[in-house]
Amino acid sequence: MSDRTQLWRMAPTELAPHEDALTRFQAELERAGGSSVSVGPGELVGEITATLAAAGAHRIALTADLGDARPVIAQALEIARYDVVDYDAIADDRAAVRDLDATVTGCLAAVAATGSIVTGATGAGRAGALVAPTHVCVVETRRLVDGLASLMRLAPRLGAGSMMALQTGPSRTADIEKTLIVGVHGPKRVHVVLLDGVLAD
Amino acid sequence: MSEDPLTSSTFAERARVQLAKPFLREAVPRATDIAVRDLRERFAGHDYDGLRELGREIRARTMADLEDALATLTDALVANGIHVHHAADAAAAREHIRRICRESDATRVVKVKSMATEEIALNPALVADGLEVTETDLGEYVVQLDGDRPSHIIAPIIHKTRAEVRETLSRVAGRELPDDASELTDFARERLRDAFMDADVGISGANFGVAETGTIVLVTNEGNGRMCTSMPRIHIALMGIERVIPTLEDLSVMLPLITGAGTGQLITSYVSMLSGPRGEGEPDGPEAMHVVLLDNGRRALLGTEYQEVLHCIRCGACQNVCPVYRQVGGHAYGWVYGGPIGAVLTPLFLGTEAGGELPQASSLCGACDDICPVKIPLHDLLLQLRRTRVDDGAAPWRERLAAELWAWAWSSPRRYRVVTRIGGGVVRVMAAAGLMSSLGPLGRWARGRTIPTPARRPFHSRGERDV
Amino acid sequence: MIGIRGGADTTRGGHLPDTVALFPTCLGDLVMPDTVEHAQHALGVCGLDVRPVRGGTCCGQPAFNAGFHPHARRVARVSVRALAQTTGPIVVPAGSCAAMMSRHWVGLFAGDRDAELARQVAGRVVEFSAVLATHLDVLERRHLSWPGTAGYHDSCHMLRELRLSGEPRAVLGCVRDLELVPLASADRCCGFGGTFSVRYPEVSVAMADSKLDDARSRGVDVLISADPGCLMQLGGRAERTGDTPRVIHIATLLHEAGLR
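Residues numbered from 1 in each chain as written. Chains lettered and ligands numbered in written order. Predicted model: local features only at pLDDT ≥ 70, side-chain atom pairs only at ≥ 80, totals over all residues. Heavy atoms only, no water.

**With respect to the overall build of chain A**
As a reminder of what qualifies: Secondary structure counts use DSSP, requiring at least four H or I residues in a row for a helix and at least two E residues in a row for a strand, with both numbered from the N terminus. Every radius of gyration here is taken over C-alpha atoms, with the globule rule written as 2.2 Å times N^0.38, N being the number of residues. The cut-offs for exposure are 20% and 50% of the maximum accessible area for each residue type, with area from a 1.4 Å probe on protein chains only; residues under the lower value are buried, those over the upper are exposed, and the others partly exposed. Working rule for contacts: check all heavy atoms of both residues, and any pair within 4.5 Å makes them a contact. Accessible surface is estimated by sampling points in the Shrake-Rupley manner with a 1.4 Å probe; for residues, cover comes only from the protein chains shown. Asp and Glu count as negative and Lys and Arg as positive, but His and the ends of the chain are not part of the count. Note that the charge is assigned to NZ on lysines, CZ on arginines, CG on aspartates and CD on glutamates.
Within chain A, the secondary structure is distributed over seven helices and 12 strands. Scaling as 2.2 N^0.38, a compact globule of 201 residues should have a C-alpha radius of gyration of about 17 Å, and chain A matches this with 17 Å. For chain A, the spread of C-alpha atoms along the three principal axes comes to 55 × 45 × 30 Å. Every one of the 201 residues in chain A was classed for burial, and the buried ones make up 60%. Long-range pairs, those at least 24 residues apart, make up 74% of the contacts in chain A with a sequence separation of at least 6. As presented, chain A carries roughly 7,400 Å² of accessible surface, and 50% of it is formed by carbon and sulfur atoms. Computed over 18 positive and 24 negative side-chain charges, the inter-centroid distance for chain A is 6 Å.

**Remarks on the domain arrangement of chain C**
Residues and elements named next belong to chain C. Definition in use: Residue ranges for the domains trace back to a domain assignment, done automatically or taken from a database. The term buried area means the drop in 1.4 Å probe accessible area that two parts suffer when joined, counted for both and summed. Salt bridge, as used here, is a side-chain nitrogen of Lys or Arg placed within 4 Å of a carboxyl oxygen of Asp or Glu. In the analysis that follows, any N or O atom pair within 3.5 Å is treated as a polar contact, provided that within protein one partner can donate a hydrogen and the other can accept it, and provided that, for residues neighboring in sequence, both atoms belong to side chains. Under the convention adopted here, Pro, Cys and the residues Ala, Val, Leu, Ile, Met, Phe, Trp and Tyr are nonpolar, Asp, Glu, Lys and Arg are charged, and Gly plus all remaining residues are polar.
As far as domains go, chain C holds domain 1 (8-131) and domain 2 (136-256). In this structure, domain 1 and domain 2 have C-alpha centres spaced 22 Å apart. Taken together, the contacts link 27 residues of domain 1 with 25 residues of domain 2. Counting the surface lost from both domain 1 and domain 2, the interface buries some 2,100 Å², and carbon and sulfur atoms represent 67% of this. The largest contributions to the domain 1 side of the interface with domain 2 come from Met32, His38 and Ser129, which together make up 22% of the buried area. The tally of links between domain 1 and domain 2 comes to zero salt bridges. Run the count over domain 1 and domain 2 and you get eight residue pairs in polar contact (both at pLDDT 80 or more). Taken together, the elements giving at least two residues each to the side of domain 1 that touches domain 2 come down to helix H1 (8-12), helix H3 (33-45), helix H4 (61-66), helix H6 (95-108) and helix H8 (128-132). At seven residues, H6 tops the list of elements feeding residues into the side of domain 1 that touches domain 2. Partitioning the side of domain 1 that touches domain 2 into residue classes produces 13 nonpolar, 10 polar and four charged.

**Considering the interface of chain C and chain B**
The partner chain B presents 63 residues to the 59 residues of chain C that form the contact. Each partner contributes to the roughly 5,600 Å² buried at the junction of chain C and chain B, and carbon and sulfur atoms together form 59% of this total. For chain C, the biggest contributors to the area lost against chain B are C:Leu30, C:Arg54 and C:Tyr200; these three give 12% of the whole. Where chain C packs against chain B, one counts nine salt bridges.

**Considering the interface of chain A and chain B**
As a reminder of what qualifies: When DSSP finds two or more bridges between a pair of strands, those strands are recorded as paired.
If you look at the interface, chain A gives 63 residues, while chain B gives 79 residues. When chain A packs against chain B, close to 5,900 Å² is buried across both sides, 56% of that on carbon and sulfur atoms. Its salt-bridge partner being A:Arg98, residue B:Asp194 comes within 2.0 Å of it at the nearest N-O pair. The tally of links from chain A across to chain B stands at 37 residue pairs in polar contact (both at pLDDT 80 or more). Of all the secondary structure elements, the ones that give two or more residues to the side of chain A that touches chain B are helix H1 (7-10), helix H2 (21-31), helix H5 (87-90), helix H6 (94-98), strand E6 (116-120), helix H7 (148-154), strand E9 (163-167) and strand E10 (172-173) of chain A. Per-element tally for the side of chain A that touches chain B: the top contributor is E9(A), with five residues. Grouping the constituent residues of the side of chain A that touches chain B by class yields 30 nonpolar, 18 polar and 15 charged. Bridge count for E9(A) against strand E9 (residues 270-274) of chain B is five bridges, and the pairing is antiparallel. Of the residues in E9(B), the one forming a bridge with A:Leu166 is B:Val271.

**Re the packing of helix H20 (residues 397-410) of chain B against helix H5 (residues 69-84) of chain C**
Where we set the bar: All axes here are fitted lines through C-alpha atoms, helices being fitted over the stretch that makes contact, and every angle between N-to-C directions spans 0 to 180 degrees. By definition in this entry, angles of less than 35 degrees are roughly parallel, angles greater than 145 are roughly antiparallel, angles of 65 to 115 are roughly perpendicular, and the rest are oblique. Crossing handedness follows the turn of the near helix against the far one: under a right angle anticlockwise gives a left-handed crossing, and clockwise gives a right-handed one.
Across the interface, H20(B) lies against H5(C) with an axial gap of 9 Å and an inter-helix angle of 15°. Judged on the interaxial angle alone, H5(C) and H20(B) are roughly parallel. Seen along the crossing, H20(B) lies across H5(C) with a hand that is left-handed. Across the interface between the two elements, B:Ala403, B:Glu404, B:Trp406, B:Ala407, B:Trp408 and B:Trp410 of H20(B) pack against C:His71, C:Ala72, C:Arg74, C:Val75 and C:Val78 of H5(C). Class assignment for the residues of the contact of H20(B) with H5(C) results in eight nonpolar, one polar and two charged.

**Quick look at the nonpolar core**
For the record, the criterion: Side-chain atoms within 4.5 Å are what join buried Ala, Val, Leu, Ile, Met, Phe, Trp, Tyr and Cys residues into a set we call a nonpolar core.
Counting 204 residues, the largest nonpolar core has A:Leu151, A:Leu166, B:Phe11, B:Leu251, C:Trp105 and C:Val203 as its most contacted members. With eight residues, helix H13 (residues 248-263) of chain B is the single largest residue contributor to this core. The residues touching B:Leu251, leaving out its near neighbours within four places in the chain, are A:Met152, B:Phe208, B:Val210, B:Val217, B:Ile245, B:Pro256 and B:Met273. Listed in part, the 38 residues of the second largest apolar core include A:Ala91, A:Ile176, B:Leu169 and B:Ala199.

**Some details on the pattern of salt bridges**
Scanning all chains against the criterion turns up 59 salt bridges over all chains. When the shortest N-O distance is used, the salt bridge between B:Glu399 and C:Arg199 registers 2.9 Å. Of this pair, B:Glu399 sits in helix H20 while C:Arg199 sits in helix H12 (residues 196-199), each in a different chain. Measuring nitrogen to oxygen at the nearest pair gives 2.8 Å for the salt bridge that ties B:Arg462 to C:Asp34. One end of the pair, B:Arg462, is in the segment after helix H22 (441-445); the other, C:Asp34, is in helix H3, on a second chain. One connected set of salt bridges, linked through shared partners, spans A:Glu19, A:Arg24, A:Glu28 and B:Arg42.

**Quick word on the sheet that holds strand E6 (residues 176-180) of chain C**
Residue and element names in this part refer to chain C. Read from one edge to the other, the open sheet built from four strands follows the order E6-E5-E7-E8, with strand pairing classed as parallel. In the strand order of this sheet, the two ends are held by E6 and strand E8 (246-249), each with one partner. Ignoring strand direction, the axes of neighbouring strands in this sheet form an average angle of 35°. Relative to strand E7 (residues 222-225), strand E5 (residues 145-152) is paired through three bridges, and the arrangement is parallel. Bridging from a neighbouring strand, Gly151 pairs with Leu223 of E7. Of the strands in this sheet, E7 and E8 are in contact with helix H14 (residues 228-240), which crosses E8 at around 165°.

**Re the pairing of strand E2 (residues 108-111) of chain B**
The sheet contact formed by E2(B) and strand E3 (residues 132-135) of chain B spans four bridges and is parallel. When the bridges of E3(B) are listed, B:Lys111 appears paired with B:Glu135.

Shown next as structure tokens:
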């Protein structure tokens, strides 16, 4: 067997020693067509609201993995006259799911080397981060892991439930004459809000 | 099903049809070049060969005791509340899936692109049962609407122009859609969204099955894999038994290999790791999950000189670099798998009667060996298949006679000199008289190329420098 | 592959020149004898004592690749035995034949009465341009010149089985006034593939066209290769379409550049 401790030398999906995780995460996400911004706890709600406004979203679902921050965000969005629902309350209502303009989720982890966010069936649900044209994901920076190998080591302890998904930038296809089209069955816009703090605050 | 192209035509005939399509010969090289270029870019500064070797080791170790890995996988799947079904062949796999659909009173099925479901010709069987089946990968959707076949493992409509796609989707729309890839995609998205929401059953393949955790892994870019395994109340995954990998740690090696070799991406937009039906307290997901483990000729390859073909992770990279595939596309190969991997898999899965010609349809350049993310020695496997065909007496008599005559003449320096002197004269005379087309293989050479005229004084007769 | 070095410098030192055997291969012998002579001269200029191999015919590759192993063995045996009579490195001016001999003969003769002989002979095989690449100083001193634009086509087996790609290019780098332009399709098969070329002529020709189109688009006057199989394919196609570029062996280019 080859030595896997140096996987980073072979695989671009790992972080090199001393490479800055946050910088790499943001660069890879951008390369994949997503966007991100770092905020402090006091700026979180404002950033989410501004993103949704820029996307022209109106009907918004919030997923359970936002934890204690969910009611706070919900209240702020309602004050700003958004139509806000909990994703778990409407997940079985297909018409309601179809009508969503955006979803706001948390995440279980984020992978620095690939610019991926990781959601679980227990939190964002299988489709909470997927169904709406705009997805805003709140990533606490403490949840950043270096690369795929670290994520896979951690995976059994993340409590993802029946599904764990890595999601990297918007949905895309190049099926028609190799032309890259963004936004097929998943979101067209993916914006990650990197929170220097803890969501439960 | 339509007539089987493999048995009703030859590779040469199918290739001729494809060669006559100018778009194909422009589009396939362009698209495959992009994939290869992106692969090189993504791995710049990294040791792709080292990672390929890790991938090869994982696959070889798993195949060395496949039954053990499958037993572990099965136990873990069952422990996760997943129903596991074993299918010895295509018919058995179809029957399992039909039964599951029947027993769950399904009427609508959505599908994720899957080579395994193509291999067992699943869709016609489901349609015959009265089910409404919708392919949800954009390319596969177009293929389905056209009654066509995918022509590349991961880029199913690589052979179609935007104009053709527009025509197809406009027919479905009942109006002229704009000639714009983005708007065509938007139209398909809306149509398929209805299909997802209304479907009872979602059927997928499996890029990997992780034995230790009982997890089915799906790798997609469009997000249809996620939708098909989130919205319908039943999820069925059809997995070739060789797609098992032992651990999650192995997955961290296999993922960059499959996405890098497949599309040149660091990682695809979506990687779904499915470990059961919707759990307690989860907001969405299917109420039941089934995994159908497909043998269909795979076990028979264990312990043979062809075992390494089971390492294949269906990334399509060998098609991207194959100089033959780049000219003729996937349809020329006549079955589900095209390119070098198809030329090896088809005779092994379907038998030499149907697929025996395909290993000949290679110039043996070896480009596939150099790119394969799990280092399958495709070049050697093609040679072995050719050899077996000859050893089994399956080569046509003309070929056997030619080999005999050649070996007789070439195995004695004296005969070699006499025969080539006479032959050289004949060729020179025939060429001068414009009669080359009547000279069998030389005539076929003469289609498009001038015959190299044998020298009047071959090197061996330039005696003054004799030693 | 074994390295060889010596030649001109050592002869001046009073040593005997190193002896090499030159195996013309059947295509070289029958169709491109001038090219083999060019190779012979080039090796001689490098100070090597070149002994053309008589009595061999072919490496057996056409039958080997078509799956006819007993036939390939019958033919290769003649060459193995003839080559066993020679001493020193066996120089082969044909990339894929060199690959067949050094990489596949051992397997082809496994368990055969000539297995040991085949193993020994295979171990002495060297490809022509790889030999010249060890004498770049000699080539530099010869003030070779060939005014024009050239593309180099990698023979598949020379590239992928022998891993020789820098060597022929380094040799061409010694030719003044020759502009070697990189071709996007340099390492893509020309479509020859032995029996493939007559089994599927249309596909084979289409492959040649894509290579020739690339060379033309780069304004190449001459397309150079180190493999007679590729040359026959590309040259035959270029000639039939009545168009450029000229397609020649690296030894012929060196000859025209003044290495004689």
